Amino acid sequence: MRSLDKLDSQLLRMLMHDARTGVVELSSKLGVSRNTIQSRLKRLEEMQLVVGYQPVLDLEKAGFAVQAFISIEIEQGRLSTVVDQLTAIAAVLEIHATTGRNDLLVRVATATQADLQRLIERVVAVPGVVHASTTLSLTNPLRMRVDPLLDQITRDAGWGRSTPSPKGR
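Criteria and cut-off values
- Position numbers for residues start from 1 in each chain and track the written sequence from start to end.
- With the structure being a predicted model, the display of local features is reserved for residues of pLDDT at least 70 and the display and counting of side-chain atom pairs for 80 or more, all residues being used for whole-chain, interface and lining totals.
- The side-chain figures draw on all heavy atoms in the structure; neither hydrogens nor water molecules are used.
- UniProt positions are given in the numbering used here, feature names are shortened, and annotations may be inferred rather than shown by experiment.
- Counting from the N terminus, the helices are the DSSP runs of H or I reaching at least four residues and the strands are the DSSP runs of E reaching at least two.
- By definition here, a salt bridge exists when the distance from a side-chain nitrogen of Lys or Arg to a carboxyl oxygen of Asp or Glu is within 4 Å.
- Think of it in three bands: residues with accessible area under 20% of the maximum for their type are buried, residues over 50% are exposed, and the middle band is partly exposed, with areas taken using a 1.4 Å probe on protein chains only.
- Working note: the arc is built from the helix axis to C-beta atom directions.
- Throughout, a residue-residue contact means that at least one pair of heavy atoms, one from each residue, lies within 4.5 Å.

Student: Just checking my understanding: could you explain the UniProt feature "domain: HTH asnC-type" (unreviewed entry) in the chain for this structure?
Tutor: Feature annotation in UniProt assigns "domain: HTH asnC-type" (unreviewed entry) to the following positions: residues 4-65. Note that residues 4-65 is 53% helix and 0% strand, and that its end C-alpha atoms are spaced 38 Å apart.

Student: Can you walk me through the pattern of salt bridges in this structure?
Tutor: Side chains that differ in sign of charge can pair as their charged atoms come close. Counted under the stated rule, the structure contains eleven salt bridges. Among the ionic pairs, Asp147 bridges to Arg13, the shortest N-O distance being 3.3 Å. With Asp147 in helix H6 (residues 147-153) and Arg13 in helix H1 (residues 6-17), this residue pair connects regions lying 134 residues apart in the sequence. We classify Asp147 as partly exposed; its relative accessible area is 31%.

Student: Help me understand helix H2 (residues 23-30), please; the structure alone is not making it clear to me.
Tutor: Residues spaced three or four apart along an α-helix face the same direction, because each turn holds 3.6 residues. Buried residues of H2: Leu26, Ser27 and Leu30, and no others. Looking straight down H2, one finds that the buried residues subtend no more than 95° of arc, so they occupy a single side. When the buried face of H2 is taken as reference, the exposed residues oriented beyond 90 degrees from it are Val24 and Ser28. Among the structural elements, H1 and helix H3 (34-46) are those in contact with the buried residues of H2. The positive-phi residue at the C-terminal boundary of H2 is Gly31, with phi of around 70°.

Have a look at this one:
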């Protein structure tokens, strides 16, 4: 993987803030040519560092006020089967394979607590699930972020191969 520089970092930050920002606006705000932005975006996509552009949905405002994490212990050798079954459930938002006692951490969202209870019953009925433990999410004081990581990996990087850093960046 090629390393990122500060221009890449700023470009990624702007896109994470608003993925609909156009190339002309990005180039203007970053003080580089439109062609530079287009080539950077193409490179980041080809590196599969940027894998899509999508809106961030406020689940509560969409009617899914109950969010939880279900830790699941599964029978050995049943990972792909269980993941396939869980993926078929609309309320399952994410699945992470984990280490430790539990094998999967599953993020879910439902409209009501009663819906969550029915969902848990459905999850524990999946063949291969041995045990499940649910943690209710009360609030989300820190949403998923990558800005600090971008700062860390570009701390000693320049502002691109041939483009000097604009003042104040």
